[in-house]
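These are the residues of each chain, in order.
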Amino acid sequence: MPDPRHRKTPPAAPRHTPLDTASAALAEVLRFARPADATLSHFFRQRRAGQRERAVIAETVYAVLRRLRLFESLARTGHGARQRRLAILGWGGSLEVLRECTSQQEWTWREAALSYSAQDLAPEYRHNLPDWLADALCVHMPQADFWQLAAALLRHAPLDVRVNTLCAKRNAIAAELRAQGLEVQETPHSPWGLRLAGRPLLPRLEAFQRGAIEVQDEGAQLLALLLGARRGEMVADYCAGAGGKTLALGAMMKNTGRLYAFDTSARRLAALTPRLARSGLSNIHPVAISGASDQRVRRLAGKLHRVLVDAPCSGVGTLRRNPDMKWRQSPEQVTALTQQQQEILQSAARLVQPGGRLVYATCSLLREENEDVAAAFEAAQPQFAPLDAAEVLAAAKVNAAARLCGEGGRFLHLAPHTSGTDGFFAAVWQRE
């Protein structure tokens, strides 16, 4: 029988550094099987990592996604696994930690690779967009505007929150948050919005817990203002998703009337439940529908005062927050989306009563999903008279409404480089 004193000690498991974890996360995300945020959430559920390490890993992944074309080019000059080289280039944490995780050869290579001058880069490495998307954007805007937009899409998006006017006033919430040490500014256009510096943990804020604030980009707040829901009306958010704009509309209506939150995904609508509980609203009715032919939708034909259609789209306007979208989309997918958008808009229009208002919106910057869909709808539905978006927003007391709607004021046009918001488009009609 072997002497237990002479048993061999098993070798210690290799220590995984934060760079190793970031590289592994990046390898999963770059498969583009799912949205980056969903992939990271799944990745973190499978591995132990503290809040700080998760933040560094996420920052690294998103930095690589933003500049993937450039970093792929630079990575070819290095050695080792592709995802490790990319993670070194996009590292989102302390450089001291990165130095401890890399060899001298890797560190020297990184310093040399990142010493480039932006002005000396080829256009594709400056804008970091797929060619089809860069071409589509360039066609409809001057070169100077395109480069301003491209630069803005590579930056972080601000953190905007909407004050729940049902239970609080914006200036009071701003003062409360400042007293807690947060840097807070009022959003320049939306009368409900606050912009917070840094990345505070909102769920820990008492104002968030009691439903006084909700995360919502200023641009999305402006869409709700464009619809202009009023007390006692019957209103629908036709593609409600997680219900951010639904909550804004419910507060606009002062918790009166009836507000339907329709969506074909029960999973997306489920995310509205805890938000609705915090909000104090009782006039919202979430309904998971099977589609335009759903009996619950058909029963409302011609009965609603206002309908918002924030249609499924390419998401090009949200690339600051979702940089993976530009690598997961294709011209063929955009074409399929435009067909879906037209069908959804036609279906939603049936709900609007004479004299009622219809708003079509996307978070896209592409004409095919925006003006072209609006034009096709007007040709098919002449009973819907177009309204001037600038005039509608001005009546809602939105600051600088005309500047947000571009030349002519017909459509709402928001973009990171012009309005500081995500990219949004909206058209407004009134049924005659």
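What you see is a predicted model; the values in this text were computed from it and never measured. (Residues numbered from 1 in each chain as written. Predicted model: local features only at pLDDT ≥ 70, side-chain atom pairs only at ≥ 80, totals over all residues. Heavy atoms only, no water.)

Novice: I tried to follow the overall build of the protein chain on my own but got confused; where do I start?
Specialist: Within the protein chain one finds 23 helices and 12 strands. Expressed as lengths along the three principal axes of its C-alpha atoms, the size of the protein chain is roughly 90 × 55 × 45 Å. Going through the 432 residues of the protein chain one by one, you find that 51% of them count as buried. Sequence separation of 24 or more characterises 71% of the internal contacts of the protein chain that already satisfy a separation of 6 or more. In the protein chain, which carries 55 positive and 42 negative side-chain charges, the distance between the mean positions of the two groups comes to 7 Å. (Helix = DSSP H or I, 4+ residues; strand = E, 2+ residues; numbered from the N terminus. Buried < 20%, exposed > 50% of the residue type's maximum accessible area, 1.4 Å probe, protein only. Contact = heavy atoms within 4.5 Å. Lys, Arg positive; Asp, Glu negative; His and termini not counted. Charge placed at Lys NZ, Arg CZ, Asp CG, Glu CD.)

Novice: Please clarify how the nonpolar core should be interpreted in this entry.
Specialist: Nonpolar side chains tend to gather and get buried jointly when the protein is soluble and globular. In this structure, L226, L249, I284, L393 and L412 are the most contacted members of the largest nonpolar core, which totals 41 residues. Ranked by the residues each element gives to this core, the list is headed by helix α13 (residues 218-227), at seven residues. In this structure, L249 is in contact with A224, L227, A229, D237, L259 and L308, ignoring residues within four places of it in sequence. Counting residues in each nonpolar core, the second largest holds 33 residues, with L40, V64, L65 and A75 among its members. (Core = buried A, V, L, I, M, F, W, Y, C linked by side-chain atoms within 4.5 Å.)

Novice: Explain the sheet that holds strand β2 (residues 184-186) to me, please; I cannot follow it from the model alone.
Specialist: Hydrogen bonds along the backbone pair up the strands of a sheet, which may run parallel or antiparallel. Strands sit in the order β2-β3-β1-β4 across an open sheet of four strands; the sheet is antiparallel. Edge positions in the open sheet fall to β2 and β4 (213-215), since each of these has one partner strand only. Going across the sheet, the axis of each strand differs from the next one's by a mean of 35°, ignoring polarity. Helix α11 (residues 170-179) rests against β1 (159-163), β2, β3 (193-196) and β4 of the sheet, and its axis sits at about 20° to β3. (Pairing = 2+ DSSP bridges. Axes fitted to C-alpha atoms, helices over the stretch in contact; angles between N-to-C directions.)

Novice: Looking at this structure, I do not really get the pattern of salt bridges. What am I missing?
Specialist: Oppositely charged side chains may form a pair once their charged atoms are brought near each other. Tallied over the full model, the rule gives 21 salt bridges. D294 serves as the salt-bridge partner of R296, at 3.0 Å between the closest nitrogen and oxygen. We classify D294 as buried; its relative accessible area is 7%. When salt bridges that share partners are traced, they join D217, R320, R321 and D422 into one network. (Salt bridge = Lys/Arg side-chain N within 4 Å of Asp/Glu carboxyl O.)

Novice: Please clarify how helix α4 (residues 68-75) should be interpreted in this entry.
Specialist: Since the α-helix advances by 3.6 residues per turn, residues separated by three or four positions end up pointing in the same direction. Across the eight residues of α4, six count as buried, placing the element largely inside the fold. Those residues of α4 that fall on the buried side of the exposure criterion are L68, L70, F71, S73, L74 and A75. Contacts from the buried residues of α4 go to α3 (51-66), α5 (82-89), α7 (104-113), α8 (123-127) and α18 (325-328).

Novice: Would you take a moment to explain the environment of E378 for this structure?
Specialist: Within the secondary structure, E378 is located in helix α20 (residues 371-380). Placed 51 residues apart in sequence, E378 and W429 show a C-alpha to C-alpha distance of 9.1 Å. Not counting residues up to four positions away in its chain, the partners in contact with E378 are P386, R410 and W429.

Novice: Help me understand the packing of aromatic side chains in this model?
Specialist: Within a pair of aromatic rings, the relevant descriptors are the distance that separates the centres and the angle that separates the planes. As enumerated under the stated definition, the model contains eight aromatic pairs in all. Geometrically, the ring pair formed by F377 and F384 is tilted, given 5.3 Å between the ring centres and 55° between the ring planes. The two residues F377 and F384 agree in class, both being buried. Ring centres 5.1 Å apart and planes at 40° place the aromatic pair F411 and F425 in the tilted group. In this pair, F411 sits in the loop between α22 (401-404) and β11 (412-414) while F425 sits in strand β12 (residues 424-431), placing the two residues 14 residues apart along the sequence. Taken together through their ring pairs, the aromatic side chains of Y238, Y260 and F262 make up a single cluster. Here R110 stacks its cationic end above the ring of W107, 5.7 Å away from the centre of that ring. (Phe/Tyr/Trp six-rings, centres within 6.5 Å; stacked < 30°, edge-to-face > 60°. Lys NZ or Arg CZ within 6 Å of the ring centre and 35° of its normal.)

Novice: Would you mind going over the pairing of strand β5 (residues 234-237) with me for this structure?
Specialist: Note: β5 against strand β6 (residues 258-263), four bridges, orientation parallel. Directly across from A236, in β6, lies its bridge partner Y260. Considered for its hand, the β-α-β crossover made up of β5, helix α14 (residues 244-252) and β6 is right-handed. As paired elements, β5 and strand β8 (residues 304-310) share three bridges and run parallel to each other. The partner of D237 across the bridge, within β8, is L308. (Right-handed = clockwise from strand over helix to strand, strands pointing away.)

Novice: Is there a simple way to explain α14 in this structure?
Specialist: Counting buried residues in α14 gives nine out of nine residues, a clear majority hidden from the surface. Regarding α14, the residues found buried are G244, K245, T246, L247, A248, L249, G250, A251 and M252.

Novice: Is there a simple way to think about the confidence of the model for the protein chain in this case?
Specialist: Interpretation of this model should avoid reading the predicted coordinates in detail wherever pLDDT is low. Summarising the model, the protein chain shows a mean pLDDT of 94, and 97% of its residues fall at 70 or more. The low-confidence segment residues 9-13 (pLDDT under 50) makes zero contacts with residues lying over four places distant or belonging to another chain. (pLDDT = per-residue confidence, 0-100.)

Novice: Where do I start with unusual backbone geometry in this structure?
Specialist: Apart from glycine, the bulk of residues carry a negative phi angle, and the bulk of peptide bonds sit in the trans form. For F32, which is not a glycine, the phi torsion comes out positive at approximately 55°. Tracing the sequence through the fold places F32 in the loop between α1 (18-29) and α2 (36-46). Despite not being glycine, N255 shows a phi value in the positive range, around 65°. If you trace the backbone, N255 turns up in the loop between α14 and β6. Judged by relative accessible area, N255 falls into the partly exposed class, the value being 23%.

Novice: Explanation requested: the side chain of E233 in the structure shown.
Specialist: Following the sequence through the fold, E233 ends up in the loop between α13 and β5. Engagement of the side chain of E233 in a polar contact is seen with the side chain of R306, the distance being 2.7 Å. (Polar contact = N/O pair within 3.5 Å; in protein donor to acceptor, adjacent residues only side chain to side chain.)

Novice: I keep staring at the pairing of strand β9 (residues 352-362) and nothing clicks. Help me out?
Specialist: If a strand is regular, its side chains alternate between the two faces of the sheet. Counting buried residues along β9, eight of its 11 residues qualify, which places the element largely inside the surrounding structure. By the bridge criterion, six bridges tie β8 to β9 in an arrangement that is parallel. Counted as the bridge partner of D310 is A361 from β9.

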